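For reference, the chains in residue letters:
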Amino acid sequence: MSRYFSERYAGLEPYVPGEQPRDRKYIKLNTNESPFPPSPLVERAVAEESRLLQLYSDPDCRKLREKMSEVFGVSQDRIIMTNGSDEVLQFAFMAFGDREHPFAFADITYGFYPVFARLNHIPYEEIPLKEGFFVDPQDYMGIGKNIVIANPNAPTGLCLPLASIEEIVKSNPDNVVIVDEAYVDFGGESAIGLVERYDNLLVAGTFSKSRSMAGARLGFGFGNEGLIADLNRIRYSTNPYNVNRLTAAAGIAALTENEYYMHKCQVIQANRQWTAGRLEELGFHVLPSKANFLFVSSERIEGAVLYRALRERGILVRHFDQERVRGYNRITIGTMEEMKALVHAIEDIFAD
Ligand SMILES: *Cc1c(COP(=O)(O)O)cnc(C)c1O
């Protein structure tokens, strides 16, 4: 920190993204990216749009929101588009949190939530997951705090049924409930249909995981018109051109070929099932995942040791050095070829 750094952020502990090393070619199973390229239409749309880069993008993302509205069945004034879903989450913390409106979220969940809370000087409560990493909806009933729930949760992959989400939303009418659905397309149940009925529900989503666009940065929020207007107030106070031209064009093209992506999600689910089965045969404890990753541990090997041994063999997975999950690794589901390489590497490590 230089001597110029603001006091306001002196206590900040930034989020640590998964590593993107360049020292060699790795099989990357550590940041939940899609192993599949975008659809051909996306490539063409981006090339075409690049001829207009001298012009600012549309700050209202009208064409993109029109397409979103068509695909998700939500009216356009209930949609906001952002630079990745991390941005819609940051906007929501800024818009809805303060000393009188603290946040609550699980102790084991997306690592960005506490960072957003601290960045914005919002008090927060971490609610411990139950034994087996389950979210107990009772812990969130009428708690009088803003709530953010990743559903499916990261890094566990466990999912709450929609009925539980609705109960939580219903029981906290004076607070905003944010449901982070980054992984919903891999087997979860979306809360988008509830947006019409509850004015305190914000559903966040992303093109980074199920739509092969992590590098393009495109996220979105669905909510009541009032909430969306609040988020736009923040957006216009920070960066009105938050979604650039190339990304907006890519997003429209991706939604036009939505079936391509939904098919790939089916492939990921099949690969996930195969991988879970093989890892169980090798004695791993595998949480029942509805996401594009598995959260696994084994009595035979410590989490950090397995992480390092896989890294030496050219495979990256994600290990979190947090007390409750130290024994685990989060493994992104890739192609069958990558999953077979993973299983072979683990067999090799166990044979040593
Ligand atoms: C990946 C992820 C996000 C954000 O992804 P973006 O790339 O910023 O859209 C949000 N929430 C969770 C739980 C995630 O895993």
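In this text, all values refer to a predicted model and were calculated from it rather than measured experimentally. (Residues numbered from 1 in each chain as written. Predicted model: local features only at pLDDT ≥ 70, side-chain atom pairs only at ≥ 80, totals over all residues. Heavy atoms only, no water.)

Caption draft 1: The arrangement of the overall build of the protein chain in detail. Regarding its fold elements, the protein chain presents 10 helices and 12 strands. For 352 residues, the compact-globule formula gives about 20 Å, and the C-alpha radius of gyration of the protein chain, at 20 Å, lands near that figure. By its C-alpha atoms, the protein chain is 60 × 50 × 50 Å across when sized along the principal axes. Counting across all 352 residues of the protein chain, residues that qualify as buried make up 51%. Put simply, of all contacts in the protein chain between residues at least 6 apart along the chain, 73% involve residues at least 24 apart. When the accessible surface of the protein chain is split by element, carbon and sulfur atoms take 50% of a total near 16,500 Å². (Helix = DSSP H or I, 4+ residues; strand = E, 2+ residues; numbered from the N terminus. Rg over C-alpha atoms; globule rule 2.2 N^0.38 Å. Buried < 20%, exposed > 50% of the residue type's maximum accessible area, 1.4 Å probe, protein only. Contact = heavy atoms within 4.5 Å. Areas by Shrake-Rupley, 256 points an atom, 1.4 Å probe, with all protein chains shown as cover.)

Caption draft 2: A look at the packing of helix α2 (residues 62-72) against helix α7 (residues 245-256). In the contact formed by α2 and α7, the axes pass within 9 Å of each other and the chain directions differ by 25°. Regarding the angle of α2 to α7, the classification is roughly parallel. For the element pair α2 and α7, the recorded crossing hand is left-handed. Residue-level inspection shows K63, L64, K67, M68, V71 and F72 of α2 in contact with α7, the latter providing A248, G251, I252, L255 and T256. (Axes fitted to C-alpha atoms, helices over the stretch in contact; angles between N-to-C directions. Parallel < 35°, antiparallel > 145°, perpendicular 65-115°, else oblique. Left-handed = near helix turned anticlockwise from the far one by under 90°.)

Caption draft 3: Region of interest: the site of the ligand. Close to the ligand lie G84, S85, D86, Y110, D180, A182, Y183, T206, S208, K209 and R217. Residue D180 places a side-chain N or O atom 2.6 Å away from a nitrogen atom belonging to the ligand. Y183 places a polar side-chain atom, nitrogen or oxygen, 2.5 Å from an oxygen atom of the ligand. Summarising the interface, the protein chains cover 93% of the accessible area of the ligand, which totals 380 Å² for the free molecule. Examining the composition of the shell around the ligand, we find that three residues originate from one element, helix α3 (residues 84-96), more than from any other. Tallied by class, the residues present in the shell around the ligand amount to three nonpolar, four polar and four charged. (Near = heavy atom within 4 Å. Polar contact = N/O pair within 3.5 Å; in protein donor to acceptor, adjacent residues only side chain to side chain. Nonpolar A, V, L, I, M, F, W, Y, C, P; charged D, E, K, R; others polar.)

Caption draft 4: Main features of the packing of helix α9 (residues 303-312) against helix α10 (residues 336-351). It is at 10 Å that the axes of α9 and α10 come closest, and there the two elements cross at 115°. Compared by their axis directions, α9 and α10 come out roughly perpendicular. Where α9 crosses over α10, the two elements pack in a sense that is right-handed. Packed against α9, whose contacting residues are L306, A309 and L310, the element α10 presents L342, A345, I346 and I349 at the interface. Within the contact of α9 with α10, the residues separate by chemical class into seven nonpolar, no polar and no charged.

Caption draft 5: Main features of the packing of aromatic side chains. Per the counting criterion, the structure on display carries 20 aromatic pairs. Ring geometry for Y110 against Y113: centres 5.5 Å apart, planes inclined by 85°, an arrangement best described as edge-to-face. For the pair Y110 and Y113, a shared accessibility class is recorded, and that class is buried. The aromatic ring of F207 is capped on one face by R211, whose charged end is 5.5 Å from the ring centroid. If you follow R330 out to its NZ or CZ, it ends over the ring of F293, 5.7 Å from the centre. (Phe/Tyr/Trp six-rings, centres within 6.5 Å; stacked < 30°, edge-to-face > 60°. Lys NZ or Arg CZ within 6 Å of the ring centre and 35° of its normal.)

Caption draft 6: Highlighting the domain arrangement of the protein chain. By domain assignment, the protein chain separates into domain 1 (18-37 + 259-351) and domain 2 (40-256). Both sides of the domain 1 and domain 2 interface together cover about 2,200 Å² of buried area, and 62% of this is carbon and sulfur. Its largest share of buried area at the contact with domain 2, domain 1 owes to Y261, K290 and R324, together 32% of the area lost on that side. The interface formed by domain 1 and domain 2 holds one salt bridge in total. Here R324 and D107 are joined by a salt bridge, their closest N and O atoms 2.8 Å apart. (Domains from an automatic or database assignment. Buried area = accessible area lost by both parts, 1.4 Å probe. Salt bridge = Lys/Arg side-chain N within 4 Å of Asp/Glu carboxyl O.)

Caption draft 7: Inspection of the sheet that holds strand β9 (residues 285-286) at higher detail. If you walk across this open sheet you meet the three strands as β9-β10-β12, and the pairing is antiparallel. The open sheet terminates on both sides in strands that have one partner only, identified here as β9 and β12 (328-332). In this structure, strand β10 (residues 293-297) lies alongside β12, joined through five bridges in antiparallel fashion. Its bridge partner being in β12, V296 is matched across the sheet by N329. Relative to β10, helix α8 (residues 258-281) is tilted by about 10°, and along the sheet it contacts β9, β10 and β12. (Pairing = 2+ DSSP bridges.)

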